[in-house]
Each structure stands twice: as C-alpha cells, then as structure tokens.
There are 2 protein chains.
Amino acid sequence: MAVPGRNSPPAALSRREYSLLNALLTRGGRKRSGRCRCEGVRAVRELLAHCGGLVDFVVATERGLKALDRPVNSPRIISEKEFESCAATVNSQGVIAVARIPEPPDTAPAGDYILALDRLGDPGNFGTIARTLLAVGGRELWYTKGSIDPWCDKAIRSGMGSQFALILRRFDTLGELRDTALRSGFPNFFIADPHQGEICFECPDLFAKSVLVIGGEANGATAPPPAARQVIIPMPGNYESLNAAQAATVLLFEAVRRRGRFKEQLS
Amino acid sequence: MAVPGRNSPPAALSRREYSLLNALLTRGGRKRSGRCRCEGVRAVRELLAHCGGLVDFVVATERGLKALDRPVNSPRIISEKEFESCAATVNSQGVIAVARIPEPPDTAPAGDYILALDRLGDPGNFGTIARTLLAVGGRELWYTKGSIDPWCDKAIRSGMGSQFALILRRFDTLGELRDTALRSGFPNFFIADPHQGEICFECPDLFAKSVLVIGGEANGATAPPPAARQVIIPMPGNYESLNAAQAATVLLFEAVRRRGRFKEQLS
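For clarity, every value in this text was computed on a predicted model and none was experimentally measured.

A. Layout of the sheet that holds strand E10 (residues 210-215) of chain B. Residues and elements named next belong to chain B. With parallel pairing, seven strands are arranged side by side in an open sheet as E7-E6-E5-E10-E8-E11-E9. Strands with a single pairing partner mark the edges of an open sheet, and in this sheet they are strand E7 (167-171) and strand E9 (198-199). Strand direction decides the pairing type here: strand E5 (residues 113-118) and E10, joined by six bridges, are parallel. Pairing of Asp118 across the sheet is with Gly215, part of E10. Lying over the sheet, helix H6 (residues 123-135) contacts E5, strand E6 (140-144) and E7, oriented at roughly 155° with respect to E6. Along the sheet face, helix H8 (residues 174-183) touches E5, E6, E7, strand E8 (188-192) and E10 and points at about 150° away from the line of E6.

Structure representation (structure tokens):
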C-alpha cells in the first residue's frame, strides 16, 4: 500500500483537496471537516444515487471513471500512479469521492423496528450490517459510543456506501438510545444474547415498534437498560457465538419472512 | 507486518519447522506439505478440540500459551519479537498451530442438506460461512474450484478454525458436485439467485435432501447443471445483492427455524 501524504499533490488536485483526502483516513480529520472518503465503484455509485448533493469532489483514474459509469461533476482525473498515493486499498478501483457526512434528520424514525449496534468494533461487520439493513428496506441504524466510526473508509467500503442511504444516529450510552427510542414510539427493547432469552423465531412482538440491539464482537452488549428483554438465536450446533453481522442478518430476515407479501417484491 | 522468512529461525524452532511455517502462507506450500497454519486463540482451540491428532506443532509466546489455556504437546515457546517474524497478522494473539489438512472421509454425507460454495473468492466470507454452518450444526461444506482455498490462513482465522470441525469437499465443477450429491442421496439442487426463483421462505423441499449453492461474490454461480432450481431470498429494499455470507446465513437459519424444537437446544 502506498502511504498517502508522502508525495506532492497530483496536478488535478489542489493542495487543500489532497490534504483533506489524507486527513479523512483519521477519525480526527473526519470530525474536524465533517466529511468522509468513499472509495470504490459500488460505494461511490450508492453515494451519487442517494446523496449526490453531499459530494465535494470525485478523484478518479480514467479507468475508474469509466467503471463508475455515472455522470460526475468536474472529476479530478489523475494517473494510476498518482492514484496509488491517494488510495487506501491495494487493489484500488480507481475512484474516491469526498463527501459531507449527512446529519440525521429531526423527523421521528419510521418502520416497525430500529436496528441498534452496541459497541460494535469491527468496520467490516458494521458495513455488512448497514448493507444488509438496506437490502431488507430498513432505514434507521443506531449505534453507541465505543463502536467503530461508520464513516471510516473501511466501514464505507464494506457497506458499499449503504451508509448514505440510511439514517445513522449515534448515542453515548445504550440507556440514552433506549430513552430516545421510547420517546419516538418504539417501546419494545430487545438485546440479542448468545446464551439466553426469548427465541427469536417465536417472540411475537419482536418487530412491533421495537429496538433490536446487537452487541459488539468481543464483549456483547453493555449492561441492559431497565425493561430490556433478551432474545436468543437458536444454534443447534452449540457453537460459542455467531458473528455480529450474521446475528443481525438472522433477525432482519426474520422480519422479512414474517411480513410476507414476497411476490410484490419480485415485480 | 513483519515479513516472515527474513530472519533466522527462533531457537525453539528447527529450520525445517520455520521454513514450513512460512511456506504455508502460500497455496503451493500447503499443497506440497498437505498442511496448513492455524493462527489465533479461538482457531487453535477449535483445532485442538476437534482434531488434536492433526497438529504437528504449536508455536506460541508465553502470553499466547496462557491465553490458549489448553494443554499443548511440547509447545515451541518463542519471544514476542520472534513471534512477529512468524505471524501473518499485525495484532497477533501469540499462537500458531501447524496441522495436517484433514482428508474428507469416504462415508456418505449425512443431514438434511449440503451447503455448497461455487467460486467463492473471499477468504473472510468462506470462513464466516464455515463458522455459521458449524453454529447451526451442519457438517458438509462443499466447494468448487475457483473458490479461495479454505485452508489459507485468512480463511482459517475468519472461520476461527471451524474448518477442522466440518467436512470440506472440493470439486472441479458444479456438475461434478451435483453428480456426487445425487449419488449420495441428495437429489434436490438449489442455487441462490439474486433476481429470480422460488422464494426461500416458501419452498417446501428446500431442505429435503438438497444441495444449497451460494455463488461467488462477483459473478454468482456458474451455469447451473440440468434440473437445478433457483431460489431467491426476498429483499424488500430492492438492493443489488446480499453479501454471500449473509445469503448463506439466511438459508441456514431458515433450516433451523423450520426444524423447530428450540427448547432442546437451550438445555
């Protein structure tokens, strides 16, 4: 991997743009600027499709722009060699967008449930969960402090930019998250637990205006707030525990299955 | 990451052992020796629990051996610094086992279904699917040529060593895989398709002695053999497609849900 920032900026990029591109690889850089990097063909397509107005500028090679196959406002075209000094991945697809991180709207959350991630540390898991939530038509993805920044470049790549199509809300604690959910009309609060709880396939109100909490990989969720209910995903193999993204997937598709009306979705 | 093989072997390791450790990072090295590397605390535990007899030797730091918390036959104890020259990961857990790759038994496959991966290229996905299959109590994981080697170190880390508890069978083509399944008493053959097919939640014989094929990330499965049926996972979000590991998870837990008898599993 080329180390960004070691070279002078490519001719097509201003020094400010080049510095920003590098700074956005750090959490501090994203916080200061309120921006993030979105790298790769599918992620940038998702960004342009859902939040084109957030894009500051797109850096691409000729090859990357061709693969993107979408209209881009004055792209900064650079050479493959120059791109190496900008890319965060080894086998780059030749396109990076710099975009503002969207603010969650003030409107109340809609839908039957809210998916919440508690101290989820792995960017690949966060991104995969975001992508899966979008696939099932979900909108609200809430998370607590101690989780990986969902706007870091790895989480965006892994989520293929699905973050831009979702509403992400961050909370300091699980208790604060629970209070906000309650005020927003989501009274049920379920925490996925590997050892005990109501069985997810049998729990009747699992998606009745509820919050579904998936805990971090290493430690599980933090101490549950009052009136939280545990829900368990049965595992006949008696294996230690599921990957967090797999646990989220089981719950999200259980909601799809219960809702039915499959034919409508295939038209 | 330290580049293995640049230094002379640690005192606790013979030159042959040290060379082997490095050679096993390549597919050629694994093929020649019939062995693989298994790195990390959970992966080595899984290996010792299921296939302790396959282990050639274990290399560990004092810290790694303590974290492993399992009896090990004459471990090669090395320093943290020496371990860096052996490890494939940056934040290593201080334990690597070298083990023979198990041969699949000649016995016919058991169970209601066989999970099959067709040209699945991503080691993280392969490992996650193996881990999830083990969690639902499955045993048979078949795959076609063109898939990532499930015994590469990345797939083993991602699978946390679940490969050792499963029966993995490799086939040159999907047709050959299908023929073997047929001869083994698995006549139904389903291929997960992102665009069309029978709906997975409604297909009555999805787990009636069947093969469930998940295609590779980029290209999907190869041309289906005769009499293959397509099965679709409904996605209300109309998103392009699910990650392969998420698709496998949905099908595997649909089998769990249909089988019922959840209470038994929680005892």
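B. How the structure looks around the environment of A:Thr144. Residues and elements named next belong to chain A. Along the polypeptide, Thr144 turns up in strand E6 (residues 140-144). According to the relative accessible area criterion, Thr144 is buried, its value standing at 2%. Sequence spacing of Thr144 and Phe190 is 46 residues, and the spatial spacing of their C-alpha atoms is 15 Å. Residues contacting Thr144, with those up to four places away along its chain left out, are Leu117, Asp118, Arg119, Phe171, Thr173, Leu174 and Leu177.

C. Layout of the interface of chain B and chain A. With 40 residues of chain B at the interface, the matching set in chain A holds 40 residues. Counting each side, the surface lost to burial between chain B and chain A is near 3,500 Å², with a carbon and sulfur contribution of 63%. Linking chain B with chain A are zero salt bridges, by the criterion used here. Taken together, chain B and chain A are joined by six residue pairs in polar contact (both at pLDDT 80 or more). Of all elements in the fold, only helix H3 (41-51), H6, helix H9 (244-259) and helix H10 (262-265) of chain B reach the threshold of two or more residues within the side of chain B that touches chain A. In terms of residues, the side of chain B that touches chain A owes the most to one element, H9(B), which gives nine residues. For the side of chain B that touches chain A, a count of residues per class yields 19 nonpolar, 12 polar and nine charged.

D. Broad picture of the relation of the copies chain B and chain A. Overlaying chain B with chain A gives an RMSD of 0.0 Å, the required rotation being 180° about an axis along which the chain moves by 0.0 Å. Look at the turn and shift together and you get a two-fold axis relating the two. Comparing interface residues between copies, 100% of those in chain B also lie at the interface in chain A; the contact surface is shared.

About the thresholds
Residues numbered from 1 in each chain as written. Chains lettered and ligands numbered in written order. Predicted model: local features only at pLDDT ≥ 70, side-chain atom pairs only at ≥ 80, totals over all residues. Heavy atoms only, no water. Pairing = 2+ DSSP bridges. Helix = DSSP H or I, 4+ residues; strand = E, 2+ residues; numbered from the N terminus. Contact = heavy atoms within 4.5 Å. Axes fitted to C-alpha atoms, helices over the stretch in contact; angles between N-to-C directions. Buried < 20%, exposed > 50% of the residue type's maximum accessible area, 1.4 Å probe, protein only. Buried area = accessible area lost by both parts, 1.4 Å probe. Salt bridge = Lys/Arg side-chain N within 4 Å of Asp/Glu carboxyl O. Polar contact = N/O pair within 3.5 Å; in protein donor to acceptor, adjacent residues only side chain to side chain. Nonpolar A, V, L, I, M, F, W, Y, C, P; charged D, E, K, R; others polar. Least-squares fit on C-alpha atoms with pLDDT ≥ 70 in both.

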